[in-house]
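# Structural overview
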Amino acid sequence: SDRERTFEDHCRYFLQEWDRRGEGWLPELWRDLTFRTVDQSLYGYKLRLWLDAGFHPSQFIIFPGNVYLKHRDDSENNPLLQALRTKLGSQYLRPKTVQTAKVFNQGHNHDTADHDLQDAHVRDRLNNEIFAPSNRALVKLLSEGAQAGMTLVGYSGEATDLAALEKWLQDNWDY
């Protein structure tokens, strides 16, 4: 059963399905709840769906999670909240500061992915065939979007500088 399957087993099963179904399966992955965690990690595919549905890049405010988390106790100067207030109005998103440092972890430290996924071949395949290409596509999409008015919170480089965009993601996200 799925409850007895380890994380490594789940990754192997995903790769078996990947081998069987091919890359064309990724845009439809959301339909298969078995792999929803993979689907939810493919940000470029998700963003592309919204853009293809007709949303303009200027309607998006994109931020790697740590851009917010590094400043979550300072709602006045949090770069994400500032960007949102720029779009929505300065009177919005002014929550009271909440001390959350001890709350969000709940005292349980999770093992690293390398610990849970010790098979280097599986890890390399996931990275090389799924996540690295997806992340490269995301960087390219963010570049195109930024050139068309998409807000990239905390990014100060040129919209066309793919290496700088990738570094921004790596420095501010568990990439």
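The model shown is predicted, which means the values in this text are computed figures rather than measured ones.

### Brief notes about the overall build of the protein
Scanning the protein for helices and strands turns up eight helices and two strands. In sequence order, the protein lays out its α and β elements as α-α-α-β-α-α-α-α-β-α. For the protein, the proportion of its 175 residues judged to be buried stands at 31%. For the protein, restricting intrachain contacts to residue pairs at least 6 apart in sequence, the fraction spanning at least 24 positions comes to 55%.

### Here we look at the packing of aromatic side chains
The geometry of two aromatic rings is summed up by the distance between their centres and the angle between their planes. Evaluated as defined, the whole model comprises eight aromatic pairs. Ring centres of Tyr43 and Trp173 lie 5.0 Å apart, and the angle between their planes is 65 degrees; this geometry places the pair in the edge-to-face category. With a gap of 130 residues between them, Tyr43 in helix α3 (residues 43–52) and Trp173 in the segment after α8 (162–172) connect regions that are remote in the sequence. Classification of Tyr43 by relative accessible area gives partly exposed; the value is 40%. These aromatic residues form a ring-pair network of at least three members: Tyr13, Phe14, Trp25 and Phe35.

### A look at the packing of α3 against helix α7 (residues 120–147)
The relative placement of two packed helices comes down to the angle between their axes together with the axis-to-axis distance. Between α3 and α7, the least distance of the axes is 8 Å, while the angle of their chain directions is 40 degrees. The orientation of α3 with respect to α7, classified from their angle, is oblique. In this structure, α3 uses Tyr43, Gly44, Tyr45, Leu47, Arg48 and Leu51 to contact α7, whose residues at the interface are Ser134, Leu138, Leu141, Leu142 and Glu144. When the residues that make up the contact of α3 with α7 are grouped by side-chain class, the tally is seven nonpolar, two polar and two charged.

### Some points on the environment of Ser134
By the secondary structure assignment, Ser134 is in helix α7. It is 6.2 Å that separates the C-alpha atoms of Ser134 and Leu42, two residues lying 92 residues apart in sequence. Not counting residues up to four positions away in its chain, the partners in contact with Ser134 are Leu42 and Tyr45.

Calculation criteria
- Residues numbered from 1 in each chain as written.
- Predicted model: local features only at pLDDT ≥ 70, side-chain atom pairs only at ≥ 80, totals over all residues.
- Heavy atoms only, no water.
- Helix = DSSP H or I, 4+ residues; strand = E, 2+ residues; numbered from the N terminus.
- Buried < 20%, exposed > 50% of the residue type's maximum accessible area, 1.4 Å probe, protein only.
- Contact = heavy atoms within 4.5 Å.
- Phe/Tyr/Trp six-rings, centres within 6.5 Å; stacked < 30°, edge-to-face > 60°.
- Axes fitted to C-alpha atoms, helices over the stretch in contact; angles between N-to-C directions.
- Parallel < 35°, antiparallel > 145°, perpendicular 65-115°, else oblique.
- Nonpolar A, V, L, I, M, F, W, Y, C, P; charged D, E, K, R; others polar.

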